[in-house]
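Now for the letters of each chain:
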Amino acid sequence: MKLLVTRPDNVADDLGHRLQERGHDVLYAPLLSIVYRGDTSLDFEGVQALVVTSANGIRALEKSTRRRDLPVYAVGDRSAVIAGEAGFDVVFSAGGDVEDLAALIRSKANPEDGVLVHAGGARLAGDLKGSLERAGFAYRREILYEAIDSEELPPATLRALEQEELDGILLFSPHTASIFSRHIEQAGLSAHLHKVTAWCLSQNVADRLT
């Protein structure tokens, strides 16, 4: 199959290579670009654990601090693997979405042990803060990177869509699904998607496709 990978450049190659190893042709169309903040000073006093809801959150932490002794609660297995590769000593994976992550934290952490620091971008999906605070946890958010929307689809992607060569597209967040839908509408390519399968990380992502 010919598949379109829409992840940012800094995380797309690994997925693309794994797909190619399985015999697929891969096109890349990053719908976001990641800009890390290099001037963030993190305060770890009273912090019991770190929370990440994306691989970019782990990479941002890796750039922002040398601390590796605090436990990390990761939303998915890939983020957990990257945290381990970055040298964090104790890593837990929710293997799902933000609700699964909140449930994991409630099952393993104690609100009395200190603050949970959520390291991520300026845009968040779900209400992790509300879920944790309702369970009695102290929550602090640290914005360590910006995710910038792409302005258009790459020419190779547009050609593949126009010629109906694309078999599938991989989408990983509600926001990027909305970006893709907007680009398709602006390019007038909606009629060329009838043979394309959208592989979405969750139902929330699929719901953003029009």
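Our structure is the block above this text.
From a predicted model like this one, the values you see are computed outputs, not experimental measurements.

A. Up close: the pattern of salt bridges. Tallied over the entire structure, the rule returns nine salt bridges. Close ionic contact of E165 with K2 constitutes a salt bridge, the shortest N to O distance being 3.5 Å. Separated by 163 residues along the polypeptide, E165 in the loop between α6 (155-162) and β9 (168-171) and K2 in strand β1 (residues 2-5) bring together distant segments of the chain. Residue E165 is classed as partly exposed on the basis of its relative accessible area of 35%. Take K2: its relative accessible area is 22%, and that puts it in the partly exposed class. The shortest N-O distance in the salt bridge between D127 and R134 comes to 3.8 Å.

B. Representation of the packing of aromatic side chains in the model. Enumeration according to the criterion identifies two aromatic pairs in this entry. With centroids separated by 6.1 Å and ring planes inclined at 65°, the aromatic side chains of Y36 and Y145 adopt a geometry described as edge-to-face. Within this pair, whereas Y36 is found in strand β3 (residues 32-36), its partner Y145 is found in strand β8 (residues 138-149), the two being separated by 109 residues in sequence. Between Y73 and F92, the ring centres sit 5.1 Å apart and the planes meet at 20°, which makes this aromatic pair stacked. In this pair, Y73 sits in strand β5 (residues 72-74) while F92 sits in strand β6 (residues 91-93), placing the two residues 19 residues apart along the sequence. The class for F92 is partly exposed, based on a relative accessible area of 23%. Just above the ring of F172 sits the side chain of R7; from NZ or CZ to the centre is 4.5 Å. Here R67 stacks its cationic end above the ring of F44, 5.1 Å away from the centre of that ring.

C. Seen up close, the sheet that holds β3. Overall, mixed pairing links the six strands, which are arranged β3-β8-β7-β4-β5-β6 in an open sheet. The sheet terminates laterally at β3 and β6, the two strands that pair on one side only. Ignoring which end each strand starts from, the neighbouring axes of this sheet average 25° apart. Inspection of the sheet shows strand β4 (residues 47-52) paired to strand β7 (residues 115-121) by five bridges, in the parallel sense. Its bridge partner being in β7, A49 is matched across the sheet by L116. Against the sheet, helix α4 (residues 98-108) touches β4, β5, β6 and β7, its axis set at about 145° to β5.

Rules behind the numbers
Residues numbered from 1 in each chain as written. Predicted model: local features only at pLDDT ≥ 70, side-chain atom pairs only at ≥ 80, totals over all residues. Heavy atoms only, no water. Salt bridge = Lys/Arg side-chain N within 4 Å of Asp/Glu carboxyl O. Helix = DSSP H or I, 4+ residues; strand = E, 2+ residues; numbered from the N terminus. Buried < 20%, exposed > 50% of the residue type's maximum accessible area, 1.4 Å probe, protein only. Phe/Tyr/Trp six-rings, centres within 6.5 Å; stacked < 30°, edge-to-face > 60°. Lys NZ or Arg CZ within 6 Å of the ring centre and 35° of its normal. Pairing = 2+ DSSP bridges. Axes fitted to C-alpha atoms, helices over the stretch in contact; angles between N-to-C directions. Contact = heavy atoms within 4.5 Å.

Just distances and angles here, no functional claims.
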